[in-house]
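For reference, the chains in residue letters:
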Amino acid sequence: KKYELAQKFLVKSTKLNKRLVYSWITLGHCLSAQEETEHAISSYRTAMRLAPGDYKPLFFMAREMVRSSNFTLAMHLLVTSSQKSPNNALILNEIGVIVLKLDRIQEAISYFESACNIITSTANESLNNQQSNNKPTNYSTKSFTFEIYNNYGVALRKDGNYDKALQCFDIALSYHPNDADVHGNIAFTYHLARRFDEAIASYHNAIALKPQFTFAIEMLQKAMNDRYLFQDSINNYNDE
């Protein structure tokens, strides 16, 4: 993706109209994609000053804080953001990400479940309203729905609820069928559930989509060894 070229035009846009909020937000996205966290936060902060009642600049600032592991400030920003936009699935998802990183698994599951319920009942109305008002944006309901279900699946897997985790990953795949990371999540879930044949097949799917997928490559070999040892132990038991 030509982030540098996009950045050039976005900077020009902000100079032509310094009060164009969505130019600043989109510039923040562009900088974030290039891992320029400090500059991205600066762009979001400008957008926040221009639109103090809009939750999105605060929300995207919080995401940058999560990336840099500044969870305390990120949580503060998300709480403030939620006051501007209550019952927002995106905010609940990001809070879930933080508490999951802090190993508060049950709490994370609760946040992700609430986010999924909001998506199901309202089709993420907060973002659809942006589209109906013809306001420009470069993030989509589809992308965030994918992210929320993937995160929910990870939390459920950590809690040992493998069947429900797989259901969440399947929903995520329905939005992005060729996402290698989700295929890797599915493979690892099958692996933990000792469904080795399905795990091996899913690891292969993940590697086919991302040949340098180190985790999947390493875990594929382990799954093959685990299948052999598991089958061998069953055979020994049957021989007794």
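Before reading on, note that the structure itself is shown above.
Residues numbered from 1 in each chain as written. Predicted model: local features only at pLDDT ≥ 70, side-chain atom pairs only at ≥ 80, totals over all residues. Heavy atoms only, no water.

1. What to know about the pattern of salt bridges
Move 1: Counted by the stated rule, this structure contains 10 salt bridges.
Move 2: Here R104 makes a salt bridge to E107, at a shortest N to O gap of 2.9 Å.
Move 3: In this structure E107 comes out as partly exposed when scored by relative accessible area, which is 31%.
Move 4: When the shortest N-O distance is used, the salt bridge between R195 and E198 registers 2.8 Å.
Move 5: The exposure class assigned to R195 is partly exposed, which follows from its relative accessible area of 30%.
Move 6: You can call E198 partly exposed: its relative accessible area is 32%. (Salt bridge = Lys/Arg side-chain N within 4 Å of Asp/Glu carboxyl O. Buried < 20%, exposed > 50% of the residue type's maximum accessible area, 1.4 Å probe, protein only.)

2. As for the environment of K222
Move 1: Within the element layout of this structure, K222 appears in helix 13 (residues 214-239).
Move 2: Spatially, the C-alpha atom of K222 lies 9.3 Å from that of H191, the residues being 31 residues apart in sequence. (Helix = DSSP H or I, 4+ residues; strand = E, 2+ residues; numbered from the N terminus.)

3. Some points on the nonpolar core
Move 1: In terms of nonpolar packing, the biggest core is built from 70 residues, with F59 and Y203 touching the most fellow members.
Move 2: Ranked by the residues each element gives to this core, the list is headed by helix 6 (residues 89-101), at nine residues.
Move 3: Beyond its immediate stretch of four places on either side in the chain, Y203 contacts G184, A187, F188, H191, F215, A216, M219, L220 and A223. (Core = buried A, V, L, I, M, F, W, Y, C linked by side-chain atoms within 4.5 Å. Contact = heavy atoms within 4.5 Å.)

4. Overview of the side chain of T189
Move 1: With respect to the element layout, T189 can be found in helix 11 (residues 180-192).
Move 2: Here the side chain of T189 touches N185 through a polar contact of 2.7 Å, landing on its backbone oxygen. (Polar contact = N/O pair within 3.5 Å; in protein donor to acceptor, adjacent residues only side chain to side chain.)

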